[in-house]
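Summary of structural features
Next come the chains, spelled out residue by residue.
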Amino acid sequence: MDKLIYLDHAATTKVDPKVLQEMLPYFTENFGNPSAFYSIARDAKNVVEESREIIAKALGADVAEIYFTAGGTESDNWALISTAEAYASKGKHIITSTIEHHAILHTCKYLEKKGFEVTYVNVDEDGILKLDELKAAIRPDTILISVMAANNEIGSLQPLKEIGEIAREHNILFHTDAVQAFTQVPIDVKEMNIDMLSASGHKINGPKGIGILYMKKGIRSGAFIHGGAQERRKRAGTNNVPGIVGMGKAVEIAMAQQKERIEAKTGLRDYLIEKMLKEIPYTKLNGHRELRLPNNTNFSFRFIEGEALLILLEQAGICGSSGSACTSGSLDPSHVLLAIGLPHEIAHGSLRLTLSEENTREELDYVVEKLKAIVQRLREMSPLYEDFIKQQ
């Protein structure tokens, strides 16, 4: 197969041509600053608000509850830091999970240095939050629970509605990092008792550098970025109009096709999982078999190193990853895989392949064929594998 096979859609996605077409005028003829008063500025302001309406509708939120940011990482920082500061007089205890994205985990570490206490709740072997541990972790001074909607590495979906109900029952705010889940699976912030939610444009065929924070009306939050009156005086800085337009269009397209996309990606996902487990021995699927993102697969291959696997896959024209793109420079095994109980030596041999509805079964057949040869080649170089075979 001559063409590149891209199976790293959890890292980023290509911009939909319809999205790009919608964005282009706002780089050139409709370039106005939406904070100004003349006509091209009003045009820019109008499209910003139209995008806000599209995104609010997708989440079941009110328009005034959507704030534009530079991406999911900023949204996560805003949700945690501003909430901690605003509610510090009530308490200084925060609860999160052991498998969060580093945008959450590193922000929690920052808050710990500022005098806050953080409890990291465990997950089960499928990467699902242990609700009994969550309940047991709640204290009178707990002000926030932050649990991701879907894990970026192993794709496991968290019980958002149940977590939201627990938070509501104890009068605790609930934030979810939905960067991987937004438009991929149905989310209704009111039905799920979600108080804050982070999402990003570039995971859904929109542009990079744009995201949103949903913040329920009534939540106390000071300005996260100071300097101007944009985003209702909470996030200063000139609005990224082309990015906002692009994210709005991407959400509009994704929601119009949500059911069809879920079905298409789930079919491809299950086909790849079954083929991989059947044809490559000593392979383990990581994450819940059914309660996972429609496009996510994550495998561990015993007796190999993931870094060598990725290099050989790239030489075969296949793009995958060993985990989060944000930690691709690290030689440490994934904190997510360790949290679900994998030993270091198996966690090191992991591969994440994330799909789009545009991928084909023919491509997946090619990927499995190449992987079989690559895995066998790497195992033949492993003394551990040699010893294992001798003992069989």
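This text goes with the structure placed above it.
Summarised in this report is the structure supplied together with it.

Each turn of an α-helix holds 3.6 residues, which means side chains three or four residues apart point in the same direction. The end-to-end C-alpha separation of helix H3 (residues 72-86) is 21 Å, in line with the 21 Å expected for 15 residues at 1.5 Å each. Across the 15 residues of H3, eleven count as buried, placing the element largely inside the fold. Among the residues making up H3, those that are buried are Gly 72, Glu 74, Ser 75, Asp 76, Trp 78, Ala 79, Leu 80, Ile 81, Ser 82, Thr 83 and Ala 84.

Okay, the pairing of strand S4 (residues 117-121) next. As judged from the five bridges shared by strand S3 (residues 93-97) and S4, these two strands associate in the parallel manner. Across the sheet, the residue bridging to Ser 97 is Val 121, located in S4. With respect to chirality, the unit in which S3 leads through helix H4 (residues 102-113) into the neighbouring parallel S4 is right-handed.

A word on the packing of aromatic side chains. Considering all chains together, one arrives at four aromatic pairs under this definition. Pairing Tyr 67 with Trp 78 gives two aromatic rings, centres 5.5 Å apart and planes at 65 degrees, and the pair type is edge-to-face. With Tyr 67 in strand S2 (residues 66-69) and Trp 78 in helix H3, the pair connects residues that are eleven residues apart, well separated along the chain. Tyr 67 sits in the buried class, given a relative accessible area of 6%. Ring geometry for Tyr 282 and Phe 303: centres 6.3 Å apart, planes at 80 degrees, overall edge-to-face. In this pair, Tyr 282 is assigned in the loop between helix H9 (258-279) and strand S9 (283-285) and Phe 303 in the loop between strand S10 (296-301) and helix H10 (306-315), connecting sequence segments 21 residues apart. Looking at Tyr 282, the relative accessible area reads 32%, which means it is partly exposed. Ring pairs connect the aromatic residues Tyr 67, Trp 78 and Phe 224, which therefore count as one cluster. Looking at Lys 92, its charged tip hangs above the ring of Phe 116, at a distance of 5.3 Å from the centre. Note that Arg 232 overlies the ring of Tyr 67, its terminal NZ or CZ placed 4.2 Å from the centroid.

What counts, and at which threshold
Residues numbered from 1 in each chain as written. Predicted model: local features only at pLDDT ≥ 70, side-chain atom pairs only at ≥ 80, totals over all residues. Heavy atoms only, no water. Helix = DSSP H or I, 4+ residues; strand = E, 2+ residues; numbered from the N terminus. Expected span 1.5 Å × (residues − 1). Buried < 20%, exposed > 50% of the residue type's maximum accessible area, 1.4 Å probe, protein only. Pairing = 2+ DSSP bridges. Right-handed = clockwise from strand over helix to strand, strands pointing away. Phe/Tyr/Trp six-rings, centres within 6.5 Å; stacked < 30°, edge-to-face > 60°. Lys NZ or Arg CZ within 6 Å of the ring centre and 35° of its normal.

Take it as geometry only, folks, not as evidence of what the structure does.
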